[in-house]
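Next come the chains, spelled out residue by residue.
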Amino acid sequence: MSYQGHHDIVNAKLEDKQLRTNLKNVMDTLKTNRKNLITSRFIDWEELREKGKALKQKTLSQLDVLLERFEQNASKNGFIIHWASDSKEANEIIYSLMKEKGVTKILKGKSMASEETHLNAFLKQKGLDPIETDLGELIIQLIDEPPVHIVAPAIHKNRYQIGEIFAQKLGANLESEPEKLNEIARVHLRKEFQEFKMGLSGVNFAIADEGAIWLIENEGNGRMSTTASDIHIAICGIEKIVESFEDASILDALLVPSATGAAITCYNNIITSPRKEGELDGPKELHIILLDNNRSTILKDSHFYKSLSCIRCGTCLNHCPVYDKIGGHAYLSTYPGPIGEVISPQLFGMKNYGHMVNLCSLCGRCSEVCPVKIPLAELIRDLRSEKVGQGRKNLKNNDGSLKNKQEQFGMTKFANLASNGSSWRRMLSLAGFFAPLAKPFASFIPGLKNWVAYRAFPELSGNLHKKVSKMQGVIYE
């Protein structure tokens, strides 16, 4: 898609007043809940963040060793381990298992890894039926949309819109009360849970020392998908490996408050093996797919590897002043928001996802709130450098086609002005003189028209340099 195509999608989302209202309400609630919890429940949140950062960096530095240890211990526990180098291999493994077991439908707990591999579309093409059981995922599956957020996939819809979706797609009575909407979803899914054989989940933490996986959720559907089925398949990005339960506990204590502003999720599912003799539930077979999909390439970069520390809490999206205006779909990627801007060009190629790095004001909020202190704003800025042919020049599928000649020309002229004192002051003086004159006509002037469509016209002062020169302690050259 062309740059103009991306621009059109962003404009369409900006003009969707209902979307912006829904996003603002949810984002404000999540940010407030997070702030209140951190203030009231944690003695030293920043020290916990430092521990989380150090833990993830240590884990990534020995990821090869920990992956082998996890495979050995999980295999001893009865897990069946599969390695997938890319999305195609991961999807093929799941398809092969379904065909081998004679299964035509699979019930899915929430899994961003399966969104990344586009598993649902793949299975539908094969004539198989993937059924989402997470409430948010169910809502968007009914209307054939991708998730808008990595934690809350349907936050762009309010309860009245969800009621209409259920009425149209499920034949339910038109409702708007959350309890009644939950009941509609529960009744709809209950018959599926009564007769299914295969369930799928993601993985929040894979513990190398124990050969176990840890899943967190709030609805119970994840527990049903993984314990009531005969066969459980878990898709795990290789960066989800941690060394010990203690490490996972630290990250869990950071993830949940950051994601929802709650102290703990309703369900913590720690799975150590398939069903053992004498046990009444749990899967008879347990498969783990360890997904690379270009993560090992990211790990090799001495700077961008930091993005693999992400624990998928989504708080960078919640605090982003761009995301809460346009929503996740405008990014055209499985992973939207600040973390999406960092990992999508690396996972899927700069040529296809380089447009995302422009959807950032570089305000730095994302870096300030990231629970494991990923320098997101810095990485986004550096990816912009990569996009125009600077930096390390080793990103996947970065062929230079995204370079913008007009932008390069403009930045060259700006650099010449900004590095020449007299020219810069002259330009500011002219801007200060013409700005009041241009303001009434800005919406009709090419170039300014797009700017003022969603922004206030800036107040420019040609005498700024004089004010700065008079500040105490400033040496003005």
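### Focus: empty space enclosed by the protein
For the coordinates displayed, the defined rule picks out 4 cavities of 30 Å³ or more. Its boundaries defined by the atoms lining it, the largest cavity holds a volume of some 90 Å³. Looking at the largest cavity, it is lined by 13 residues, and the ones nearest its centre are Cys 310, Cys 313, Cys 316, Cys 370 and Pro 371. Residues belonging to the lining of the largest cavity are distributed by class as follows: 10 nonpolar, 2 polar and 1 charged. Taken as a whole, the second largest cavity holds about 60 Å³ of empty space.

### Some words on the packing of helix α9 (residues 159-170) against helix α10 (residues 178-195)
In a packed pair of helices, the relevant descriptors are the angle between the two axes and the axis-to-axis distance. Interaxial distance between α9 and α10 falls to 10 Å at its minimum, and their mutual angle equals 30°. Taken together, the axes of α9 and α10 lie roughly parallel to each other. For the pair α9 and α10, the crossing hand works out as left-handed. Here Arg 159, Ile 162, Gly 163, Phe 166 and Leu 170 of α9 lie close against α10, whose contacting residues are Pro 178, Leu 181, Ile 184, Ala 185 and His 188. For the contact of α9 with α10, the per-class residue count stands at 7 nonpolar, 2 polar and 1 charged.

### A few points about the pairing of strand β7 (residues 231-237)
The element β7 is largely enclosed, with a buried count of 7 among its 7 residues. Residues Ile 231, Ile 233, Ile 235 and Gly 237 line one face of β7 and the alternating positions His 232, Ala 234 and Cys 236 line the opposite face, and both faces are buried. In this structure, strand β4 (residues 198-201) lies alongside β7, joined through 4 bridges in parallel fashion. If you follow Met 198 over to β7, its bridge partner there is Ile 231. With 7 bridges joining them, β7 and strand β10 (residues 285-291) adopt parallel strand pairing. Counted as the bridge partner of Gly 237 is Leu 291 from β10.

### Regarding the sheet that holds β4
Pairing in this open sheet of 6 strands is parallel, and the strands run β1-β10-β7-β4-β2-β3 from one edge to the other. The open sheet terminates on both sides in strands that have one partner only, identified here as β1 (80-84) and β3 (129-132). When the angles between neighbouring strand axes are averaged without regard to direction, this sheet yields 25°. Most of the contacts of helix α4 (residues 63-77) go to β1, to which it runs at about 150°, and overall it touches β1 and β10.

Thresholds applied
Residues numbered from 1 in each chain as written. Predicted model: local features only at pLDDT ≥ 70, side-chain atom pairs only at ≥ 80, totals over all residues. Heavy atoms only, no water. 1 Å grid on protein atoms, 1.4 Å probe; cavity = no way out; pocket = protein on both sides within 12 Å on 5 of 7 lines; lining within 4 Å. Points joined across faces, edges and corners; volume = space filled by probe spheres on them. Nonpolar A, V, L, I, M, F, W, Y, C, P; charged D, E, K, R; others polar. Axes fitted to C-alpha atoms, helices over the stretch in contact; angles between N-to-C directions. Helix = DSSP H or I, 4+ residues; strand = E, 2+ residues; numbered from the N terminus. Parallel < 35°, antiparallel > 145°, perpendicular 65-115°, else oblique. Left-handed = near helix turned anticlockwise from the far one by under 90°. Contact = heavy atoms within 4.5 Å. Buried < 20%, exposed > 50% of the residue type's maximum accessible area, 1.4 Å probe, protein only. Pairing = 2+ DSSP bridges.

Shape descriptors only; they carry no functional weight alone.
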